[in-house]
Amino acid sequence: MDGLDVTACERCPELCASRSRIVNGVGPTDADLLFVGEGPGANEDEQGEPFVGRSGTVLDDALREAGLKREDVRITNCVRCRPPENRDPTTGELDNCRAYLETEIERLDPELIITLGKVPSEHLLDRSVGVTNEAGELFDVRIGESAYRLLVSVHPAATLYDQRQTETFETAIANAAELAGIGESESGQSRLGEY
Ligand code: URA
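Here's a quick rundown of the structure. Just so it is clear, the model here is predicted, and its values are computed rather than measured.

The rules we used
- Residues numbered from 1 in each chain as written.
- Predicted model: local features only at pLDDT ≥ 70, side-chain atom pairs only at ≥ 80, totals over all residues.
- Heavy atoms only, no water.
- Buried < 20%, exposed > 50% of the residue type's maximum accessible area, 1.4 Å probe, protein only.
- Helix = DSSP H or I, 4+ residues; strand = E, 2+ residues; numbered from the N terminus.
- Pairing = 2+ DSSP bridges.
- Near = heavy atom within 4 Å.
- Polar contact = N/O pair within 3.5 Å; in protein donor to acceptor, adjacent residues only side chain to side chain.
- Areas by Shrake-Rupley, 256 points an atom, 1.4 Å probe, with all protein chains shown as cover.
- Nonpolar A, V, L, I, M, F, W, Y, C, P; charged D, E, K, R; others polar.
- Phe/Tyr/Trp six-rings, centres within 6.5 Å; stacked < 30°, edge-to-face > 60°.
- Lys NZ or Arg CZ within 6 Å of the ring centre and 35° of its normal.
- Axes fitted to C-alpha atoms, helices over the stretch in contact; angles between N-to-C directions.
- Parallel < 35°, antiparallel > 145°, perpendicular 65-115°, else oblique.
- Left-handed = near helix turned anticlockwise from the far one by under 90°.
- Contact = heavy atoms within 4.5 Å.
- Patch = residues over 30% accessible without salt bridge, like charges linked within 9 Å, V, L, I, M, F, W, Y side chains within 5 Å.
- Salt bridge = Lys/Arg side-chain N within 4 Å of Asp/Glu carboxyl O.
- Lys, Arg positive; Asp, Glu negative; His and termini not counted.
- Charge placed at Lys NZ, Arg CZ, Asp CG, Glu CD.

1. With respect to the pairing of strand E1 (residues 33-37)
In terms of residue burial, E1 counts as a mostly covered element, since five of its five residues are buried. Both faces of E1 are covered, namely the face carrying Leu33, Phe35 and Gly37 and the face carrying Leu34 and Val36. Alignment of E1 against strand E3 (residues 112-116), held across four bridges, turns out to be parallel. Its bridge partner being in E3, Leu34 is matched across the sheet by Ile113.

2. Considerations on the site of the ligand
If you check the shell around the ligand, you find Gly37, Glu38, Gly39, Glu44, Pro50, Phe51, Asn77 and His155 and nothing else. Phe51 is positioned with one of its backbone polar atoms (N or O) 3.0 Å from an oxygen atom of the ligand. Measuring from a nitrogen atom of the ligand, one finds a side-chain N or O atom of Asn77 at 2.8 Å. Computed on the free molecule, the ligand has an accessible area of 240 Å², of which 92% lies beneath the protein chains in the complex. Across the shell around the ligand, the residue classes tally to two nonpolar, four polar and two charged.

3. Describing the packing of aromatic side chains
To describe a pair of aromatic rings, one takes the distance between the centres and the angle between the planes. Applying the stated criterion across every chain yields a total of zero aromatic pairs. Sitting over the ring of Phe139, Arg127 keeps its end group 4.9 Å from the ring centre.

4. A closer look at the environment of Gly3
Mapped onto the fold, Gly3 is located in the segment before helix H1 (13-18). Since its relative accessible area comes to 66%, Gly3 is described here as exposed. Taking C-alpha positions, Gly3 is 16 Å from Cys97, a pair spaced 94 residues apart along the chain.

5. As for the packing of helix H3 (residues 54-65) against helix H8 (residues 165-179)
For the pair H3 and H8, the least separation of the axes is 9 Å and the interaxial angle reads 50°. Here H3 is positioned oblique relative to H8, judged by the angle of their axes. For H3 against H8, the interelement crossing comes out right-handed. Residue-level contacts link Val58, Leu59, Ala62 and Leu63 of H3 to Phe169, Glu170 and Ile173 of H8. Grouping the amino acids of the contact of H3 with H8 by side-chain chemistry returns six nonpolar, no polar and one charged.

6. Digging into a negative patch on the surface
The grouping of Asp30, Asp32, Asp109 and Glu111 at the surface amounts to a negative patch. When you line up the elements, Asp32 lands in the loop between H1 and E1.

7. Some details on the sheet that holds E1
The strand order E2-E1-E3-E5-E4 describes an open sheet built from five strands, whose pairing is mixed. With one partner strand each, in any of the chains shown, strand E2 (74-77) and strand E4 (138-143) form the two edges of the open sheet. Looking at each pair of strands side by side, their axes are set apart by 30° on average, direction ignored. Relative to E2, E1 runs parallel, the two sharing four bridges. Along E2, the bridge assignment pairs Val36 with Thr76.

See the structure below:
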């Protein structure tokens, strides 16, 4: 409970009917890094926490490799209710959940937002994104009233289907740690001002 939790929402009738629970973001509300996924899957719907299934294990491993701890970063999703059959959230569902995400971003005011996969990358950059090509790249983005730095990453699940994506994913997470000046390779200094 951090004041950012949505406890009741009926905006998306189809998601309300299929969800077990609303899955809110986790992690400190003053975290430097905010990871944004697409939406809860079956494990997240069951446990009520983002990225706790196989994708979560891949994310946790990459964080550890980069010298980061899951407890020190914030992890959330574009939509907070599991889409049935793990389909992508619709534009309407993304729009319905947007205010919750914007509030979370504004409250956190993170050094860096890392979008995990195509859906969150396109949602927050508001354009089509080739995640494999753009992974590890840094963009300026306006969200609500403020400007943020955003780093695109492939989705951790992509590494489960295609081993070649593992290096792309791990490099993006290592870049994120280095840019924010945290983790093992840290100089203790954020490098975001250089870009
Ligand atoms: N995939 C996502 O995009 N989010 C989760 O929370 C889990 C898997």
